[in-house]
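# Residue-level structure breakdown
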There are 2 protein chains.
Amino acid sequence: MIKHQKENELIFKRLGIHTQNEHFVYMREDCHVCISEGFEALTRVRITNDNKSIVGSLNVVTTDILKQGEVSLSESAVLALNIKEEEKITVSHLHPIDSLRAIRSKIYGNDLTDKELQEIIKDIVAGNYSTIHLSAFLTACAGYKMKSKEIIGLTKAMINSGKQITWGKSMIVDKHCIGGLPGNRTTPIVVAIVTAFGLTMPKTSSRAITSPAGTADTMEVITKVNLTAKEIKKVVGKEGGCIVWGNTARLSPADDILIRVERALDIDSEGQLIASVLSKKVAAGSNHVIIDMPIGETAKLRSIDAATQLKNEMEKVAHAIGIKIKIIITDGTQPVGRGIGPALEARDILSVLKNKPDAPQDLKERALLLAGELLELSGKVESGDGNNKAREILESGNAYNKFCSICKAQGRFSKPKLAKYQHEIKSEHSGTVIKVDNRKLAKIAKLAGAPNNKTAGLDFLAPIGTKIEKGQVLYIIHAESRGELEYALEYHSTKKDIITIELDTKF
Amino acid sequence: MIKHQKENELIFKRLGIHTQNEHFVYMREDCHVCISEGFEALTRVRITNDNKSIVGSLNVVTTDILKQGEVSLSESAVLALNIKEEEKITVSHLHPIDSLRAIRSKIYGNDLTDKELQEIIKDIVAGNYSTIHLSAFLTACAGYKMKSKEIIGLTKAMINSGKQITWGKSMIVDKHCIGGLPGNRTTPIVVAIVTAFGLTMPKTSSRAITSPAGTADTMEVITKVNLTAKEIKKVVGKEGGCIVWGNTARLSPADDILIRVERALDIDSEGQLIASVLSKKVAAGSNHVIIDMPIGETAKLRSIDAATQLKNEMEKVAHAIGIKIKIIITDGTQPVGRGIGPALEARDILSVLKNKPDAPQDLKERALLLAGELLELSGKVESGDGNNKAREILESGNAYNKFCSICKAQGRFSKPKLAKYQHEIKSEHSGTVIKVDNRKLAKIAKLAGAPNNKTAGLDFLAPIGTKIEKGQVLYIIHAESRGELEYALEYHSTKKDIITIELDTKF
C-alpha cells in the first residue's frame, strides 16, 4: 500500500515524554516526511518499525529538540513498538478506520451488530482510536442505549480481544462488587475463606476507576499484584486462589483502555460495566460468580429500580456466555469498614482476617454473607449453611493462614504503613449520625491522594446510628503531602452535608 | 484558593511542540511540583501566569529536555498565556468542573437547561474541557437527542460566549449553505450581487469541517480573510459587505473549539449545526437569512424527510432568536461548478463573476437563485422579481466590480494558482453519466491535499447527463506533492462507483 517507504524513514530519538495511554509522534515541522506527506499537528499517523505498527497523533515540533531526520514518540508508543534510540521508523498516512462508521451509526440510534462490536474492540485494542473516538464510543453506548443483544455482543468481543486462562478444573468461583461504596473491600476475605474451604478462586481485580481505591490498589499494599498469566497459574495451582490485578495478565485489554477514558468522563455505563465485569470473569476462566450490588442514595446504584434493571440485564448476559451467577443486593447507604484508601483498607482486611476484637464488624459480616453465598452457589455447601461454614473458616484462623500463603505465593507479604500527615475532623455538635455521603467521603480520600498515594485516604469513625459528642472525631484524613492534605481540607470546609448529625433535643 | 503559590512556581522553557487545540503542560517527573502535588501523566492542571489562567493536560518528561525547575507548554498554551521564555508560571490542581455533571445527566437522557448550556459553553470557551469531554458533549447531543428548547438554549449560549457586531442598520442580510456539496461556492457571488444592489451583507464564513474547502478557505486564495472585528467593520462600512473567516473575529469561540472535535469524529449533529449557523448569524448582526439546503444521496442531507426535520427545527430556533429566515431546498445529487478545492473553486467564482462564456452555468444559476431569494426576503424587490434583478446585476458586470472592491478593502486581490501536479482520470467506457458520489469526490480532493494545500483538489468534468467517450477525461486531480497525488490515485483505484456511467447499448 505505502510506496516510497524509504523516503518516510526517520531516526528515533527518545525525548522521554509520558502521555499515558494515547500514542504521540513528535516530528519537525520542516521534516521531509511532514512536507511530502502533508502532515499537520494532530493528524493521525501510522508508525511502523520492522514488523510492528501502531497509530498515533502527530505533534509538530519547531525547536531543535529534534534534529533533521529525527522523530520521537511518547513513552507508550516506545513501549508498544519496543524501539531503541537510533533505530529507524516509518511514518505514513492512516487509512480510514472503518469501525468508526458503526459508532456514528450508533449515535444515530442504530443497534451495533456483533460484527461491528468485534471490529470496534479490535481497533481499540490495536490502538487505532484516539481518546476522542473512545469518548464518543463510550458516550454513545452510555445511558441505557445498549440492548441486551448488544451487551452480549460487546462482552463476547471483549472476551475475544484478550487472553483466556483455563484451569483444568470444572468449577472456578469468583465474586465482584458493583462499585461505589468506599471501603467495601470484602474480596480478599472472601477469597481467603472459599479457598481455605477448597474451592478454586483465581481473583483478578481492577484498579480504581473513579473511587479512592480498587481491590488491586489495596492488595498492592500487602503483596505483588502485577503477575503474568503464567505466574497467576502457578499461584493458583499451589494455593487454589489469588488476588491479582487483571490488567497485567491482559485479560481484557480493550477494557483497560476504555477504563481510562471512563475515568476522565466519570461515567461507568451499564453496558460497558456488564461487558467489563463478565468478560473478565470468562477470561479468568470463572463459571460460578457472586455479584455484590450495594444500593444507597450516594452509592453507584441509587435505587432498587436501577439495581433491578442492571441485575436482570447482567443475568441475561451471564446466561448467554455460560456463567452461573447470583446477584445479591446489599446496603449501600454508608462506607463499609473504617479505612478508605489502599493502605487503610488493607489494615481493615488484616484485622478481620486476624479476628482482632476491634476489627470492623460490618466488613466482616459483609464478607461472610458473600463467602456463604458463594459456598452455596458451588453446591458443595447446602443452601442455608453457607454463612455458618464461612464464619467457622474465618474464626478458626484458617482464612488468615490461607491469605498469608496466597500473598507469599504472589511474591511478598507486607504490612500497611501510615501516611506522613493526619488530620482529625471533629464534630461541631452533639447528636446522632443519620446520613453519610459516600461520594463526598470518597472525594476527600481522592483529594488527599488516594489511590495513587497508597497511604492516603481517610478513617471513617461515624457510621449511621453513632451517638456523637461535640468535639468527637468523625473521620481522620491521611495524606502523604501537605498540598494534598490541604486540598482535602479545603473541600471538607466547603461541604456541610458529608456526615449529617441529628442534634440532641433537650427537654 | 491556592496556597503556597511560591512553591508551585516553575520557569517556562519553550520546546515548540504544536498540539493543535488541546493545551499540554510538560513537567519533569522529579520536579518538586509533581512530587508535592501528586501529579501524574494526563492529570488536568491549572496553569497561571500573572493574571491569566488556563487548563491543560500534563505530560511527564523523564529526559533532560527540561531541567530542574523548568516547565514547558504546547504552543497553543503559549499563545493563550502570551508567555515568554524564562517567565514564571504556577501549576496547580484543577478544581472539579461542575458543568460536566450536566453532560453526564444528558447522557442519561435528561434535557439540558438553559443555565447548564450556558455553563458548558462557558467552560468550553475557557478551555476547561479536554478533547475527551468535548467528544462526550458532542456525542451526547448528536443523533437528534436535543429538543428544540435545548437547541435554542445552546444557540443563545453560543451567542453569549462570543463578541457580537452591531452595524447601526436595521437590515443585515446573510446566507448559509448546509454543507456536503463539493464546489457549491455560491456565497462570494451572492455577496457581490446583493451588496451591488445596496443591501448590507457582512459575511463570516467557516473553514472546511469535513469537506475539501470552506468558503473561508476558498476566499483566502483571493483575499485576506482573517480580519479583526474592527477591520471587518471598516470594510463593510465602505463596501456594504465582506467575505471573511468567522473565527478571527471570535464570533463563536465555542463553535471554533467544537468544530475541531466534530472533524475528528466526522459527525455534524443537527443541534450543534443549527446553533453553530444561527449563533454566528446573530453574532455577525444578521437578521434576514437565506439557507441553502441541498439534498442528495451523497449530500449531507440525504432525504427530503431529513431536510424537512432540519428545516422545521431551524425555523423554530431562528424565530426564537429574532431572525427572519427562508430555507430553500436545492438539488444535491452532484457537485456544483467544476473545481473542488480552494483555488479551483476560486477560479470558478471569478469566471462566473466575469461572465466568461465557459463559466460553470450551474454555479451561476444556483447563485442567482439564492441572491434573488435574498433580494425578495429583504422586501426591497417584489416577490417573483428577485432572480431577474440578480441576473441583471451579475451580467452587467456590477457584481464583479463590487467583488473586486470588497477584496481590495479586505487587503488584497490575488489570482488563484495551479498545483504542481495534475493527473487526468479518463473513462474506461463510452456512455452517459447517471450518478456521482459527492463524498468520494470530496475524499479524493482531500487526499490530494485540500483544503490545507490551497491549489490541491480536483476538476470535475462529468456532470450527470454528460455523454462520455472512452478515454474522455472525467476529472483531473491537482496536488502539491507527489505523495498526496498518490494517495488520491490509490483511493481512486480502489473505488469503482465514484462516477457511474450507463454504457451505450448498440443495436
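Residues numbered from 1 in each chain as written. Chains lettered and ligands numbered in written order. Predicted model: local features only at pLDDT ≥ 70, side-chain atom pairs only at ≥ 80, totals over all residues.

### Regarding the sheet that holds strand β19 (residues 499–503) of chain B
Residues and elements named next belong to chain B. Taken together, the three strands give an open sheet; going across it, the order is β17-β15-β19, and neighbouring strands pair in antiparallel fashion. A strand with exactly one partner marks an edge of an open sheet, and here the two such strands are β17 (467–468) and β19. Judged from the two bridges that link them, strand β15 (residues 431–436) and β17 form a sheet pairing that is antiparallel. Within β17, the residue paired with G431 across the bridge is I468. (Pairing = 2+ DSSP bridges. Helix = DSSP H or I, 4+ residues; strand = E, 2+ residues; numbered from the N terminus.)

### Some details on the sheet that holds strand β8 (residues 173–177) of chain A
All names here are of chain A. Spatial ordering of the open sheet is given by β8-β11-β12, a layout of three strands whose pairing is parallel. Of all the strands in the sheet, the pair left with one neighbour each is β8 and β12 (324–331). Between one strand axis and the next, the sheet turns through 20° on average, direction left out of account. Here β8 runs beside strand β11 (residues 288–295); their pairing, made up of five bridges, is parallel. Note that in β11 the partner of C177 across the bridge is D292. Contacts between helix α12 (residues 304–320) and the sheet are confined to β11 and β12, with β12 contributing the most and set at about 165° to the helix. (Axes fitted to C-alpha atoms, helices over the stretch in contact; angles between N-to-C directions. Contact = placed C-beta atoms within 7 Å.)

### Quick look at the relation of the copies chain B and chain A
Of the transformation superimposing chain B on chain A, the axial component is 0.1 Å and the angular component is 179°, with the fit at an RMSD of 0.1 Å. Each copy turns onto its partner about a two-fold axis. When the interface residues of chain B are mapped onto chain A, 98% of them again lie at the interface, so the same face is used by both copies. (Least-squares fit on C-alpha atoms with pLDDT ≥ 70 in both.)

### Topic: the confidence of the model for chain A
All names here are of chain A. In this model, chain A carries an average pLDDT of 91, and 97% of its residues clear a pLDDT of 70 or more. The model gives residues 1–5 a pLDDT under 50, and that stretch makes three contacts with residues more than four places away or in other chains. The ipTM, which scores confidence in the relative placement of chains, is 0.80 for this predicted complex, and the corresponding pTM is 0.82. (pLDDT = per-residue confidence, 0-100.)

### Some points on the interface of chain B and chain A
At the interface, 50 residues of chain B touch 49 residues of chain A. With six residues, helix α5 (residues 131–141) of chain B is the single largest residue contributor to the side of chain B that touches chain A. Partitioned by chemical class, the residues of the side of chain B that touches chain A number 20 nonpolar, 22 polar and eight charged. Bridge count for strand β5 (residues 52–61) of chain A against strand β2 (residues 17–18) of chain B is two bridges, and the pairing is antiparallel. Note on β2 of chain B: the bridge partner recorded for V60 of chain A is H18 of chain B. (Nonpolar A, V, L, I, M, F, W, Y, C, P; charged D, E, K, R; others polar.)

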